[in-house]
Every structure is written in structure tokens, then in C-alpha cells.
Amino acid sequence: MLFGKAGAVLVTGGAGYVGSHICKALGACGIEVVVYDNLWIGHEDFVKWGTLERGSLHDTEKLSEVFKKHNIRAVMHFAAFSYVGESVKDPSSYYGNNVVGTLALLDTMVEHGVSHLVFSSTSATYGMPLTTPINETHPQRPINPYGKTKLVIESMIDDFDVAYGIKGVKLRYFNAAGADPECEIGEDHDPETHLIPLALDAAAGRGPGLTIFGDDYDTEDGTCIRDYIHVTDLADAHVKALEYVIESNETTAFNLGNGNGFSVKEVIKAVEKVTGRPVNAAIGPRRDGDPSALVASSDKARRLLLWEPAYPGIEDIVRDAWQWYQKRFPSSD
Ligand code: UFG
């Protein structure tokens, strides 16, 4: 156990897609988990490991109470808005929820003498890639408010380290995908904007079919390439990152991706193969702000966290997503 007998890890946004998978991984390590979530986006039934404390990051009185009540020893921070398109239309909500909310969380950590943090950042902080694969030294020039809010938070963590000794590991994910292989939790967004669940919708005959956002990119088949990383691999990396930040006591960043890129058309093929059903897909215009290819170099995480993704192939990722999809949306059978 990380903290001996006493003490818990606070997981903000632990009722969400990525956060809930991290709670499962922490629970499997015997770590006491407290989920702090306002359930705006998260699902109560995803909180299966640990205690749910329903609250907002802006409610600093409640947050402070939770730190005290549960003897919080470290924080993993997922609570955030994360839709790129929405962030362009409504930056105020994004800065308010993501940046101001995180400031309240960091202040509460300082108040309670909690100095270790794992932060859910994103490859969107890099903006348009100048080189590929992207490593952690790539310039961070986000091109949308969502990515900018996450970059501001990364800077806040650096500054809180210098001034107050907060040590944070910033994990920059590429495309989180798949679902718990034991099918207890998975992806359930409203609205859904991500490629794999939308392609599963199309395979299941739900909704109007999939639009491929552009097939005139400078890639082999003309569609965008992304680095899809199984959410269980992400969860494993988070547990390792928590151990790392406690042991090393240093603030640093890691990319989390597979290092393999798959095009939109390749993902659709994988969905067709796994589901055994055709995906009704039509070519549409490009989506604003989509780089042609985003692929991670996660060498640093492999080296320092001793992390190795267990699901490098797209079909295995899609298989777990499909298994979950059929359980969550049974009418698709
Ligand atoms: N795509 C389509 N049609 C769709 C949805 C997506 O063609 O209906 C394409 C996109 O253009 C993109 C790829 O599928 O090329 C993946 O798109 P997603 O929306 O699933 O994921 P993104 O790469 O846009 O976004 C992910 C995370 C964001 C994060 C971003 C970092 O979901 O939170 O990576 O670049 F900001």
C-alpha cells in the first residue's frame, strides 16, 4: 500500500470515463479511493471503487471538508470539460471549470499539506505537430481553448511546485479509447463526439451514420491518423505515475500513447471486422483544427515509469469498446 494503512487518494472526476478506470486500477492495488465528482458528466454507477463525495471544485468548503474527513494523501485530477468544439464556442465555461476549478483544488491541497498530484493533461496542449512522433519536449502551442486551459493548468502546477512544493505529474494523453476488459465501466458521453463510439453507433444502426471528417489529408488513405490508447493502459500508467511522483518528488510530464497511428478508415475497418457489421460512413468536410497525424513518443513513460501498453493493436481496443457498447446500449444487439 502506498500510504501504509491511513490515507486515501482523491480522484476528481472519478465518475467519468477515464477517471473511473483509474479508480478500478487504484482499487486493485489496495489503495483507498475517494471520488469527488459533481456528476454533470460522470455517472454514479461508474463509482464502484471507493466512496463518492458529490461536489463541485468551486465549493471549496466541501472540498476542504472531504480532504479532512478522508485523510487525503494525494490527488488525481480528471474533473474537466473536454470537448474541443464546445471550448471554441464557450471558452468562458472552459476557463471557469478547468482553470478556476483547478486553482481551488490546488489551494485546497496547499491548505491541507497534500503535495502529490497526478494531472490528466492532453496532447491537445501541443497544437499542430511540428515533428512526429511527438515527445515531451515538443513546443506546446495549443490551438483551441480546451488545450489552452490544460496548458495553463500545467503552468499552474509548475508555479505551485516552486512556491508551495506541490509535485505534479502531468500526463498528456493521445486518444483514450476502449473500455474495461471486464466490462464493468466504459465510455458513455452525451453528446458523443469520439470516432470509435460513433463508428460503433453506425455499425449498430443507431443514428444517421458516420461522417468521415475529410479524406484529402496528406496521409496514405487521405484520412487523419491518431494514436489510440486503451483506457486500461492509461489506468496502469496513472498508478505508476502516482508511485513515481511520491518516490521521485519531482514535477514532470509524460506522453501516453501507443506510438502507433491508425487512420480514420483503418479504425472503421477494425470496427467492421470486430462487429461483423458494415459501418455506414460518408466523406464530409474537414473538421476545424484537426491535424493530419498525431502520434506519441511515450519513450519517457516506458523508461521512467516502466510502463508498457498491453493493447497496441486497434482491433483489441475496438473489441473491448464493442463489448461495453453492447452491454450499455443493449438495443444494439
Ligand atoms: N472523426 C471523424 N468523424 C467523427 C469523429 C471523429 O472523422 O464523427 C475523426 C477526427 O477528425 C479525428 C479522429 O476521427 O481525425 C479522432 O477524432 P476524435 O474526435 O475521436 O478525437 P480527437 O483526436 O479529435 O480528440 C482527442 C481527444 C481530445 C483531445 C485530442 C487531442 O478526444 O480530448 O484528442 O488532440 F483534445
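Starting from 1, residues in each chain are numbered consecutively following that chain's sequence as written. Only residues with pLDDT of 70 or above have their local features reported here, since the model is predicted, and side-chain atom pairs are shown and tallied only from 80 upward, although totals for entire chains, interfaces and linings are computed over all residues. No hydrogens and no water enter the side-chain calculation; it runs on all heavy atoms of the structure.

## Quick word on the domain arrangement of the protein
In plain terms, the rule: These domain limits were set by an automatic method or by a database of domain assignments. Contacts between residues were defined by any pair of non-hydrogen atoms, one from each residue, lying within 4.5 Å. Joining two parts hides part of their accessible area as seen by a 1.4 Å probe, and the buried area is that hidden amount summed over both. Only one rule defines a salt bridge in this text: a Lys or Arg side-chain nitrogen within 4 Å of an Asp or Glu carboxyl oxygen.
Partitioning the protein into structural domains gives domain 1 (8-176 + 230-256) and domain 2 (195-227 + 259-332). Put simply, the middle of domain 1 and the middle of domain 2, counted by C-alpha atoms, are 24 Å apart. Each partner contributes to the interface: domain 1 provides 27 residues, whereas domain 2 provides 25 residues. Taken together, the two surfaces of domain 1 and domain 2 that pack against each other cover about 2200 Å², and 63% of this comes from carbon and sulfur. Three residues stand out in domain 1 for area buried against domain 2, namely His230, Asp233 and Phe254, and they jointly supply 26% of the buried area on that side. For the pair domain 1 and domain 2, the interface holds one salt bridge.

## A word on the site of the ligand
Inclusion rule: When at least one non-hydrogen atom of a residue lies within 4 Å of a molecule or strand, that residue is treated as near it. Side-chain atoms alone can form a polar contact between residues adjacent in sequence; in general such a contact is a pair of N or O atoms within 3.5 Å, and within protein one must be able to donate a hydrogen while the other accepts it. Each accessible area is a Shrake-Rupley result for a 1.4 Å probe, and residues are judged covered by the shown protein chains and nothing else. Only DSSP runs of H or I reaching four residues or more are called helices, and only runs of E reaching two or more are called strands; each is numbered from the N terminus. Under the scheme applied, nonpolar residues are Ala, Val, Leu, Ile, Met, Phe, Trp, Tyr, Cys and Pro; charged residues are Asp, Glu, Lys and Arg; polar residues are all the others, including Gly.
Lining the immediate surroundings of the ligand are 22 residues, of which His194, Leu195, Thr211, Arg287 and Asp290 lie closest. Phe213 places a polar main-chain atom, nitrogen or oxygen, 2.9 Å from an oxygen atom of the ligand. Residue Arg287 places a side-chain N or O atom 2.6 Å away from an oxygen atom belonging to the ligand. For the ligand, the protein covers 89% of the area, taking 690 Å² as the surface of the free molecule. Those elements giving two or more residues to the shell around the ligand turn out to be α6 (195-204) and β9 (210-213). It is β9 that provides the largest number of residues to the shell around the ligand, a total of four residues. Counted by class, the shell around the ligand contains 12 nonpolar, seven polar and three charged residues. Composition of the shell around the ligand by domain shows at least three residues from each of domain 1 (8-176 + 230-256) and domain 2 (195-227 + 259-332).

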